[in-house]
Structure formats: C-alpha cells, structure tokens
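In case you want the letters, here they are:
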Amino acid sequence: MAMRTARQRSQLPTCYYEGYLEKRSFEDKTSRKLWTSLCGNTLFFFNDMRDTGYIEKVDLSGFISITDDGSQDRNLDAARFILQMKDIHVKFTASNAESRELWKGYIQSVAELSVPSSLTLLPGQIHMLKEAVEKEKERKRNVAQPAELTHCAYTSLQADMPACYHRVSRLEAELLLEKEAEKGNLLLRPGSNGTTFAVSTRQDLEGSVFRHYRVTRKPEGGFAIDVDVPVPCATLHDVINYLVEKTDGVLIPLIIEEAYDKNITFIRTDNDNGEMSIRRASSNLIPPSLPSKPVALRVPTPKPAPAPIEENNLYQNEELEEKDNETEDSSAVPVAQPETNKLKKAVRPPAPVPRKLPFSTSPLSSSTTTTTQAGSTSTNSLHLRMRNPTDPLGPTISELKLKFGQKARC
C-alpha cells in the first residue's frame with residue numbers, strides 16, 4: 001500500500017470497476033468503508049466517491065490469490081473475501097454476494113490477464129470482464145514501450161540526453177544535489193519503472209527542500225511533465241528549458257564535468273633501493289602502427305601436360321612397297337587411303353632415264369659379211385654403253401667410230 005500522492009483521479013489509468021468496499025488489513029484494528037476504484041492493475045481508495053485525490057493504493061503486480069472469507073458477520077447480507085499479495089494480505093467486505101463475485105472477477109482478470117472460469121456470473125458480466133482484459137493488455141503494451149522507438153522524437157534518445165542527465169535513483173539524486181549544491185540544483189534521472197524519467201530539484205528553505213517531477217512519454221511522440229496540468233514538451237531538452245525559464249533561472253541544471261589526466265603516468269619500482277615512484281611517460285612516443293594486412297599467397301595453377309606427338313617415320317622402301325602393292329591391286333576396287341598418308345614426308349624423285357637414240361643402218365653392212373662381223377664387236381660395246389645411264393655421249397661416239405671404220409675399209 002502507498003499513501004496519498006499528488007496525482008488526481010483524472011490522471012489515473014482507465015477505470016474498469018468501482019464501488020464501496022470495507023477494507024481492513026492485518027495492521028488495521030477496525031474496518032474502513034472507502035470508495036474503491038480498479039484503475040489499470042491498481043486499486044485506488046478514496047474517502048468519498050466525490051474526492052479527486054486517493055489516500056491509499058494497492059498494486060496488483062504482486063497478486064497471488066483471491067478467496068472467499070467464511071467468517072460470520074453481523075450483517076447477514078455482507079460477503080467477505082481476502083486478497084493475498086506477496087507482501088500483504090487485505091480483507092474486504094462487499095455489500096452482497098453478487099458484488100463480491102464481480103470484485104473477485106475484475107481483480108483476478110486484470111491481475112492474470114484472463115477471465116477465471118470458477119466464478120458464478122451472468123454472460124453479460126463475463127463479457128465485461130473480457131473487455132477489461134483486452135483494455136488492460138492494450139494499456140500495458142503502450143506503457144512498456146521500448147527504449148528506442150521508431151518515432152523521430154525518440155530516435156537515438158541516449159545521444160540526445162541533456163548534460164544534466166545522471167543515472168541515479170531518487171535517494172542518490174538527493175545526495176548528489178546536496179553534495180554539488182554549488183554547481184547546480186536540478187538534474188534529470190531515470191524513472192522508477194524504467195519507462196519514464198524524473199526531474200529532481202533542491203532548494204534551501206531553513207534546510208534542504210527536494211522536489212521530484214515525473215516526465216512521461218506520449219504515445220504520439222514527445223514528453224509531458226506530469227503535474228496537475230500536464231506540460232507537453234517535444235524533447236527532454238525542452239523539459240529542462242521549460243523548468244529553467246518558468247522559475248526565472250532559479251533552477252540551474254547540475255552539470256558535472258569529469259576530470260581526465262593530461263599526462264600518461266605509471267608507477268615503477270627502483271631496482272637498487274626498492275622504492276616505488278610515479279614516472280611520466282615520454283612525450284615523444286611513437287604510436288604503435290597497425291599490423292600490415294597479410295597477403296594471401298598465390299598458388300600457381302598447374303598447366304596441363306602437352307599431348308604426346310606421334311612421329312611418323314617414313315622410309316623410302318615403304319614407298320616402294322606401296323607402289324608394288326598398287327600395281328598388284330590395280331584391278332581391284334581402290335581403297336581410300338588413311339589420313340595419316342598425308343602427313344608423310346616427300347621422297348626424293350628418281351633421276352631421269354637418258355633418251356635412247358635409234359640405230360642407223362648403213363647399205364654397206366648388208367653387202368659384206370666381213371663388215372658385219374667386224375662391226376659386231378663395236379655394236380656390242382655400243383649396247384653396253386647405252387645401258388649405262390651415267391654416260392649420255394656414249395652412243396654418239398660409238399656411232400662415229402663405226403662410220404670412220406667403214407670408210408677406212410672402203
């Protein structure tokens with residue numbers, strides 16, 4: 001439970017069900033009749049139905065169970081039930097059994113986001129519970145927005161934070177403002193639920209006076225300072241500027257600049273006496289160079305082995321054998337020569353045969369036998385010379401000798 005805060009009824013979440021309930025916790029000695037509203041997943045209690053500010057609230061996030069209370073009451077029509085939470089047990093008394101069933105149904109449905117089947121309700125009442133569950137699911141989706149939204153106002157939110165933003169809790173913010181009072185009295189910090197922000201301020205009025213303001217995100221984009229009359233702002237910078245301007249500069253953003261060393265120092269131990277001292281690194285140090293990028297070794301591509309060359313050895317006697325075979329098979333059908341014959345080398349042609357001269361017959365050779373016998377020898381020698389192809393003038397000389405011999409005999 002929580003005590004009354006500055007939030008008004010108009011700023012509360014959607015109300016699903018409300019009515020009078022008698023509330024009594026184990027710490028209370030007597031029951032109190034309070035106007036109870038189930039808004040979101042929280043029970044808000046008011047002294048009267050016309051009040052705008054609640055006095056207590058019970059968050060249902062720690063819900064365990066809700067059961068009937070069978071103890072007797074002086075009011076026979078009264079119906080009791082017990083709400084069991086993780087840290088507290090609360091007893092409630094409804095005006096009648098039907099009201100008790102409705103309260104049990106709404107509380108359990110909103111806490112578990114499902115309609116219980118063990119309740120005795122009419123179809124129309126069950127339909128209202130289903131509508132409440134759908135509304136609660138939609139509300140939680142809108143509240144639990146991611147830290148980085150696609151809307152232009154939320155893009156790179158962390159980079160657009162004001163300089164007075166500090167990641168501290170409420171208590172840490174108060175201590176920081178107290179410690180750094182000379183530098184500023186206003187800072188921006190994360191909200192308690194992780195989806196909102198808060199502005200914490202400190203001023204002196206017979207002591208330190210702290211104020212905390214909630215900054216919520218708007219579904220359509222931007223932010224709003226959650227006060228009686230919400231103040232819309234486009235960015236968190238506008239939130240800080242608005243507070244500074246409206247207070248005439250009394251509120252000053254707390255900006256703490258972190259100190260950084262200007263020199264590189266290190267601690268070294270003296271080898272002689274063992275004393276430790278602070279040394280300053282040399283200012284002319286060369287920055288380490290980046291290692292060169294390794295070059296991949298190129299593997300040579302193996303070349304294909306050349307095809308073996310077939311040598312065709314040609315010989316003169318092979319050509320002569322082919323000619324003999326051609327003369328023997330002249331009458332047969334000619335056979336196509338294989339293509340390999342085209343690759344054979346040319347053979348030297350034979351030497352030309354000398355032309356044979358016709359023999360001239362003399363009238364004297366038939367008249368005398370002696371002349372015939374005498375010229376037989378020379379005729380034989382002439383034939384021998386004509387058979388010799390290497391002496392082309394042999395027949396001519398022999399013929400002249402024969403004529404000269406015949407004239408001498410005459």
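Conventions used here
- Residues numbered from 1 in each chain as written.
- Predicted model: local features only at pLDDT ≥ 70, side-chain atom pairs only at ≥ 80, totals over all residues.
- Heavy atoms only, no water.
- Phe/Tyr/Trp six-rings, centres within 6.5 Å; stacked < 30°, edge-to-face > 60°.
- Helix = DSSP H or I, 4+ residues; strand = E, 2+ residues; numbered from the N terminus.
- Buried < 20%, exposed > 50% of the residue type's maximum accessible area, 1.4 Å probe, protein only.
- Lys NZ or Arg CZ within 6 Å of the ring centre and 35° of its normal.
- Salt bridge = Lys/Arg side-chain N within 4 Å of Asp/Glu carboxyl O.

With an unreviewed UniProt entry as reference, the protein is termed SH2 domain-containing protein, source organism Perca fluviatilis.

**Thoughts on the packing of aromatic side chains**
Applying the stated criterion to the full structure yields nine aromatic pairs. With centroids separated by 6.2 Å and ring planes inclined at 15°, the aromatic side chains of F45 and F92 adopt a geometry described as stacked. Here F45, found in strand β4 (residues 42–46), pairs with F92, found in strand β8 (residues 89–94); they are 47 residues apart in sequence, far enough to count as distant. On the accessibility criterion, F45 (0% relative accessible area) is buried. Ring geometry for F197 and F223: centres 6.1 Å apart, planes at 70°, overall edge-to-face. One end of the pair, F197, is in strand β10 (residues 197–204); the other, F223, is in strand β12 (residues 223–226), and 26 residues separate them in sequence. Among the residues examined, F197 registers a relative accessible area of 6% and is labelled buried. Members of the aromatic cluster, each reached through a chain of ring pairs, are Y17, W103 and Y106. The ring of F45 has K23 sitting right over it, with the charged end atom 5.6 Å from the ring centre.

**Here we look at the pattern of salt bridges**
A complete count under the given rule lists 12 salt bridges for this structure. Note that R32 is salt-bridged to E56, the shortest N-O span being 2.7 Å. Highlighted residues: R32 in strand β3 (residues 32–39) and E56 in strand β5 (residues 56–59), separated in sequence by 24 residues. Among the ionic pairs, E101 bridges to K104, the shortest N-O distance being 3.5 Å. Of the two residues, E101 and K104 are both situated in helix α1 (residues 97–112); the distance of three residues between them amounts to about one turn of the helix. Judged on exposure class, the residue E101 and its partner K104 are both buried. Sharing partners across several salt bridges, the network here consists of D68, R100, E101 and K104.

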